[in-house]
Amino acid sequence: MKRRLLDPLMIRAHIVNIDQLTPRMRLLRLGGQALQGLRWTPGQHVRVQVAGLAGPLDWLTGLRRTYSIWDYDGTTLELCIFDHGDGPGAHWARTLRTGDDVLLSRPQGDFTLRPATHHLFVGEETASVAFGAMLRALPTTEDARAIIEVDSDDDELPLPGRVHWHYRHGTPAASSTSLLEAVRRLEIPDQPGMAYLAGEARTIQATLRHLVTDRGWPRRNVLTKPFWTPGKTGME
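### Things to note about the pattern of salt bridges
Next up, step 1: Going through the model one piece at a time under the given rule, you end up with 12 salt bridges.
Next up, step 2: A salt bridge links Arg 29 to Glu 78, with the nearest nitrogen and oxygen atoms 2.8 Å apart. Placement of the pair is Arg 29 in strand β2 (residues 25–31) and Glu 78 in strand β5 (residues 77–82), with a sequence separation of 49 residues.

Given below as C-alpha cells:
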C-alpha cells in the first residue's frame, strides 16, 4: 500500500555504479524499471531522499535534497554530487554503495535552454552539473560560452565547448568577486543572448545586476537558479 501511494510523488531506483569524477564530485549512476521512459530536459533536477525521519511516514517525510541531472539515456540516470561539507546530502553520497536503493522525484524544473543567438553560462561547482547537460544539448553550430569558478583545476568537470575556468584558491565561493570580475572582462556580442546564472545566490544577484545594468540585457534574457547561500537551507 505504501508504494502505491508513493508512486505518483517519488520513484524508486538503485545505484548501478559510482565513479569519482573529481576529488569532491561523485558520479552516481542510477537504474531500475521506474526510470525507464522519463521525460527530461537538460538543466532539470530531481529531489532525492537523503535521510529518513522517525515514524511510520518516513517514506513520505524524509529529508530531501535537490540535484541537477548530469545525464539520462532513457533507462539510466546520472547525478553528480558535490561534497562540500558535513551536511546530510554530502554524508548520504559518501556512504552510498552499489545496489543501494534511492528514492527520488521525476525530473522537474524550468532552468532549461531557451532559443537565442548566443548563450552565456555563469556559476561555480554546484552549477557545473546542470551546465554540462545543457552544453551537451546545444547544437555545435550555436554560439555558447561558460565561465565557471572552482577552487582549483582538480574540480573541473569534463564539459564541452568554450569553458573559461577560474580558480578561487581557497577563497569563499559566496559573494565571489572574482567570478563577477571574470564576467565583466568577457567580450560578448552587443546583442543580448540568453544567460544562465546558477549556484550561490548572492553571486548570482551581483552577476544579474551587471548584465542588466551595465550590459543592457533585458531581465527576461537572464535565467537564474540559486542553489545555495550561507545560512539558508531549502534552496534549490
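From this point, the narrative continues.
### A short note on the sheet that holds strand β10 (residues 194–200)
Next up, step 1: Strand order in the open sheet formed by 5 strands is β9-β8-β7-β10-β11, and the pairing between neighbours is parallel. The open sheet terminates on both sides in strands that have one partner only, identified here as β9 (162–167) and β11 (222–228). Between one strand and the next, the sheet's axes are offset by a mean angle of 10°, whatever the strand orientation.
Next up, step 2: Sheet analysis places strand β7 (residues 118–124) next to β10, joined by 5 bridges and oriented parallel. The residue of β10 that forms the bridge with Leu 120 is Ala 195.
Next up, step 3: Sitting on the sheet, helix α4 (residues 125–137) is in contact with β7, β8 (143–150), β9, β10 and β11, with an inclination near 155° to β7.
Next up, step 4: Its contacts with the sheet put helix α5 (residues 177–185) on β7, β8 and β9, and the angle it makes with β8 is roughly 155°.

Parameters and conventions
- Residues numbered from 1 in each chain as written.
- Predicted model: local features only at pLDDT ≥ 70, side-chain atom pairs only at ≥ 80, totals over all residues.
- Heavy atoms only, no water.
- Salt bridge = Lys/Arg side-chain N within 4 Å of Asp/Glu carboxyl O.
- Helix = DSSP H or I, 4+ residues; strand = E, 2+ residues; numbered from the N terminus.
- Pairing = 2+ DSSP bridges.
- Axes fitted to C-alpha atoms, helices over the stretch in contact; angles between N-to-C directions.
- Contact = heavy atoms within 4.5 Å.

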